[in-house]
Structures are given as C-alpha cells and as structure tokens.
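Chain and residue survey
Listed here are the chains, written in short residue letters.
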Amino acid sequence: IRSLRLECFRSKGLMTARGIFEFFLNWCYGELKRFHPQTLNGIHRFSARSTVGAIEELGDLLSPLATSCRSLWKFKKDCGFGTKSLYDVYAVLSEKTHGDRWHGEFVKVFKSSLEQHQVCLITKVAEILDLTVDD
C-alpha cells in the first residue's frame, strides 16, 4: 500500500507539505461527517477551515473512531502549538510558495517559511501517511 500511495501522490504532484496536509484534512472531514456531523454546520463538501475548526472545537471530545482527527489533535499538542490554530498551518501552506506541484520521491517542505511547530506537524502527518519528508 505504501508504494501505491507514494505513486498516487507523486503522479498528482501532491508530494508537498500542502498536498499531504490537504489530503489528511480530507480524511478528517470524512470522519467528521460520519461521527460529528453537527460540527460541520450543514457543509456538504470539504473545507479546510471548517474541518480544522471542528477538530479544534471538539478537541479531546473527538470520537475514538475519528482516528485521523484525533491524531491531528494529538499532533497539535505534541508539537507545542499552545494557543496557535491548526488553520494557521493551512494558511501558510496555501501561500504561493507551497502551491507548486512536486513529483519527487520525498515530501517537499519549505521549512524556512514555517515555524518549528508547523514543521513538526507536517512531519507527523507524513509519517502517518508513510511518506518521507525531504531534509
């Protein structure tokens, strides 16, 4: 499965911090739709802002079955976000610097434009997807 996922990401040019973070948020959105539909306020299509907002609103109250959401919440704590939002990561990754497609072997992360806790989060997301971050 790892090689299939890697080839899928590479062929779509998603081997970037933004690409894998959006992919992971999409997984989280699916879990929220299933286990916490009330937190999405009737939104019927993926939205990064709504997804991270719901995860942060629920926090420790996330369903044990929402494993991706719970992982992201745990990563936020483990990486030392403090009061900073998960949406801040997405906002930075949405800038032009992080928007170009990348088909390389490793996940491309422009670490110079990210804070340490953001790099930590992206690295942990890459690990859960069984991908490697470019050093």
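My aim in this report is to walk through the structure given alongside it, one point at a time. In this numbering scheme, every chain counts its residues from 1 along its sequence in written order. Where local features are concerned, this predicted model is filtered to residues with pLDDT of at least 70; where side-chain atom pairs are given and counted, the filter is 80 or more; whole-chain, interface and lining totals use all residues. Values shown for side chains rest on all heavy atoms present in the structure; no hydrogens or waters enter the calculation.

1. Side note on helix 4 (residues 67–78)
- Helix length check: helix 4, at twelve residues, gives a terminal C-alpha distance of 16 Å against a target of 16 Å (1.5 Å per residue), a fit within 8%.
- Looking at the residues trailing helix 4, positive phi occurs at Gly80, about 75°. Helix numbers and strand numbers start at the N terminus; a helix is a DSSP run of H or I with at least 4 residues, a strand a run of E with at least 2. For a helix, the expected span equals 1.5 Å multiplied by the residue count minus one.

2. Regarding the packing of helix 2 (residues 17–35) against helix 5 (residues 86–93)
- For helices, the fitted line uses only the C-alpha atoms of the stretch in contact; every axis is such a line through C-alpha atoms, and the angle between N-to-C directions lies from 0 to 180 degrees. Between helix 2 and helix 5, the shortest axis-to-axis distance is 9 Å and the interhelical angle comes to 140°. With respect to each other, helix 2 and helix 5 are oriented oblique. Helix 2 and helix 5 meet at a crossing whose hand is left-handed. For the pair helix 2 and helix 5, the contacting residues are Ala17, Arg18, Phe21, Glu22 and Leu25 in the first and Leu86, Val89, Tyr90 and Leu93 in the second.
- Residues of the contact of helix 2 with helix 5, tallied by class, amount to seven nonpolar, no polar and two charged. By the definition adopted for this analysis, an angle is roughly parallel if under 35 degrees, roughly antiparallel if over 145, roughly perpendicular if from 65 to 115, and oblique otherwise. Here is the rule for handedness: rotate from the far helix to the near one, and if that takes an anticlockwise turn smaller than a right angle the crossing is left-handed, while a clockwise turn gives right-handed. Any pair of residues with heavy atoms lying within 4.5 Å of one another is described as a contacting pair. Only Asp, Glu, Lys and Arg are considered charged in this grouping, and only Ala, Val, Leu, Ile, Met, Phe, Trp, Tyr, Cys and Pro are considered nonpolar; every other residue, Gly among them, is considered polar.

3. As for the packing of helix 3 (residues 48–58) against helix 5
- One can describe the packing of helix 3 onto helix 5 by two numbers: an axis separation of 9 Å at closest approach and a directional angle of 160°. Considered as vectors, helix 3 and helix 5 are oriented roughly antiparallel to each other. For the pair helix 3 and helix 5, the sense of crossing is right-handed. From helix 3, Ala48, Arg49, Val52, Ile55 and Glu56 reach across to helix 5, where they touch Leu86, Tyr87 and Tyr90.
- Among the residues forming the contact of helix 3 with helix 5, the class breakdown is six nonpolar, no polar and two charged.

4. Some details on the state of the cysteines
- Working definition: a disulfide is two cysteine sulfur atoms within 2.5 Å of each other. Enumeration over the complete set of coordinates arrives at one disulfide.
- Between Cys79 and Cys120 runs a disulfide, and the two sulfur atoms are separated by 2.1 Å. One disulfide, between Cys79 and Cys120, carries an S-S torsion of -70° and so falls in the left-handed class. Linking Cys79 in the loop between helix 4 and helix 5 with Cys120 in helix 6 (residues 116–128), this pair joins segments that are 41 residues apart in sequence.
- A simple rule labels every residue: compare its accessible area, found with a 1.4 Å probe on the protein chains alone, to the largest value its type can have, and call it buried under 20%, exposed over 50%, or partly exposed in between. Residue Cys120 is classed as partly exposed on the basis of its relative accessible area of 21%.
- Cysteine Cys28 is unpaired, with the sulfur of Cys69 as its nearest cysteine sulfur at 4.1 Å.
- According to the relative accessible area criterion, Cys28 is buried, its value standing at 0%.
- By relative accessible area, Cys69 is classed as buried at 0%.

5. Here's the deal with the nonpolar core
- Buried residues of nine kinds, namely Ala, Val, Leu, Ile, Met, Phe, Trp, Tyr and Cys, make up a nonpolar core once their side-chain atoms join them within 4.5 Å. Of all hydrophobic cores here, the largest spans 39 residues; its most connected members are Phe21, Ile55, Leu72 and Leu121.
- When residues of this core are traced back to their parent elements, those giving at least two are helix 2, helix 3, helix 4, helix 5 and helix 6.
- Looking at this core, the element that brings in the most residues is helix 2, giving eight residues.
- Residues within four places of Leu121 in sequence aside, it is in contact with Phe21, Leu72, Phe75, Lys76, Cys79, Phe81, Leu86 and Val89.

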